[in-house]
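Per-entry structural report
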Amino acid sequence: MLISEQHPLLLGSGSPRRRELLTGLGIPLRVAPQEIDESVRLGEAPEQYLERIADAKMGAVAAYFDAHPEEAGSVLLVADTIVVLENAILGKPRDTAHACRLLTQLAGKTHRVMTRYALRDRAPSSASRANTVITEVTLAKCSKESLTRYAETGEGLDKAGAYAAQGMGAFLVEHISGSYTNVVGLPVSQVVADLLVGGWLLQFP
């Protein structure tokens, strides 16, 4: 089904960054997040974790809309973004002190930002399209005092890796190789390409 004002894209994510990116494209959108357990399993590789979480999110969102056929919508979109340093997943900080530790680990090094997204037609039992996009990000070397002051702003407390490349945290970002919007939370270019290939958008823009 084509995305339209009557049948908007259904975003199964509560991330304000993903919502803002999609809204900025002018794509009709409805936010419909569903809660799942996002804990990392012992010994789980980043790629395995992302695939499992994206599948779980899609299953939860699809189940909700399968049970509510009266609610308008077209294609389902879910995504999960992680920060990976030396094959270790760095999640969202628990508090300011934890944010300082994460930033200290990342400062002066190159890490990977990985986003797994999946798209599926609203129709029950539809096949999904999924893709994992990887961006390499190098953060500048900074003093402990600078990292502490930034952590204390609270900007990175709800973000993997404890920084926001699109906000004040831009001062930390020395180099990006790959999709910038992937670092923000959604690889927009790749998502739009898949929406076109899947027939959910006739053309863009």
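For the structure given in this document, a descriptive report is provided here. No experiment lies behind these values; they were computed from the predicted model shown.

Here we look at the overall build of the protein
Helix and strand content of the protein: six helices and seven strands. Each helix (α) and strand (β) of the protein, taken in turn from the N terminus, gives the series β-α-β-α-β-β-α-β-β-α-β-α-α. Taken against the 2.2 N^0.38 rule, which gives 17 Å for 205 residues, the C-alpha radius of gyration of the protein at 18 Å falls within 12% of a compact globule. Along the longest, intermediate and shortest principal axes, the C-alpha atoms of the protein span 55 × 40 × 25 Å. Put simply, the protein has 205 residues, and 46% of those count as buried. Sequence separation of 24 or more characterises 67% of the internal contacts of the protein that already satisfy a separation of 6 or more. Each charge class in the protein was averaged separately, 20 positive and 23 negative side chains, and the resulting centres sit 3 Å apart.

A closer look at the nonpolar core
Grouped together as the largest cluster of nonpolar side chains are 22 residues, with contacts concentrated most on Leu103, Leu106, Tyr163 and Leu172. Elements with a minimum of two residues in this core: strand 3 (75-85), helix 3 (96-106), strand 6 (128-139) and helix 4 (144-152). Per element, the largest residue contribution to this core is five residues, and it comes from helix 3. Counting 20 residues, the second-largest nonpolar core is a separate cluster that includes Ile3, Leu21, Tyr117 and Leu201.

Re the packing of aromatic side chains
Tallying each qualifying case throughout the model produces two aromatic pairs. With a centroid separation of 5.0 Å and 90° between ring planes, the pair formed by tyrosine 64 and phenylalanine 65 is classed as edge-to-face. Looking at tyrosine 64, the relative accessible area reads 24%, which means it is partly exposed. In this structure phenylalanine 65 comes out as buried when scored by relative accessible area, which is 1%.

Comments concerning helix 6 (residues 188-197)
The periodicity of an α-helix, 3.6 residues per turn, causes residues three or four places apart in sequence to face the same way. When we look at burial in helix 6, the residues that qualify are Val188, Val191, Val192, Asp194 and Leu195. Projected onto a plane normal to the axis of helix 6, the buried residues spread over an arc of 160° and lie on a single side. For helix 6, the exposed residues set more than 90 degrees away from the buried face come down to Ser189 and Val197. For helix 6, the elements touching its buried residues are strand 1 (9-11), helix 1 (16-24), strand 3, strand 5 (110-121), strand 6 and helix 5 (180-184).

Reading the values: rules and limits
Residues numbered from 1 in each chain as written. Predicted model: local features only at pLDDT ≥ 70, side-chain atom pairs only at ≥ 80, totals over all residues. Heavy atoms only, no water. Helix = DSSP H or I, 4+ residues; strand = E, 2+ residues; numbered from the N terminus. Rg over C-alpha atoms; globule rule 2.2 N^0.38 Å. Buried < 20%, exposed > 50% of the residue type's maximum accessible area, 1.4 Å probe, protein only. Contact = heavy atoms within 4.5 Å. Lys, Arg positive; Asp, Glu negative; His and termini not counted. Charge placed at Lys NZ, Arg CZ, Asp CG, Glu CD. Core = buried A, V, L, I, M, F, W, Y, C linked by side-chain atoms within 4.5 Å. Phe/Tyr/Trp six-rings, centres within 6.5 Å; stacked < 30°, edge-to-face > 60°. Arc of directions from axis to C-beta.

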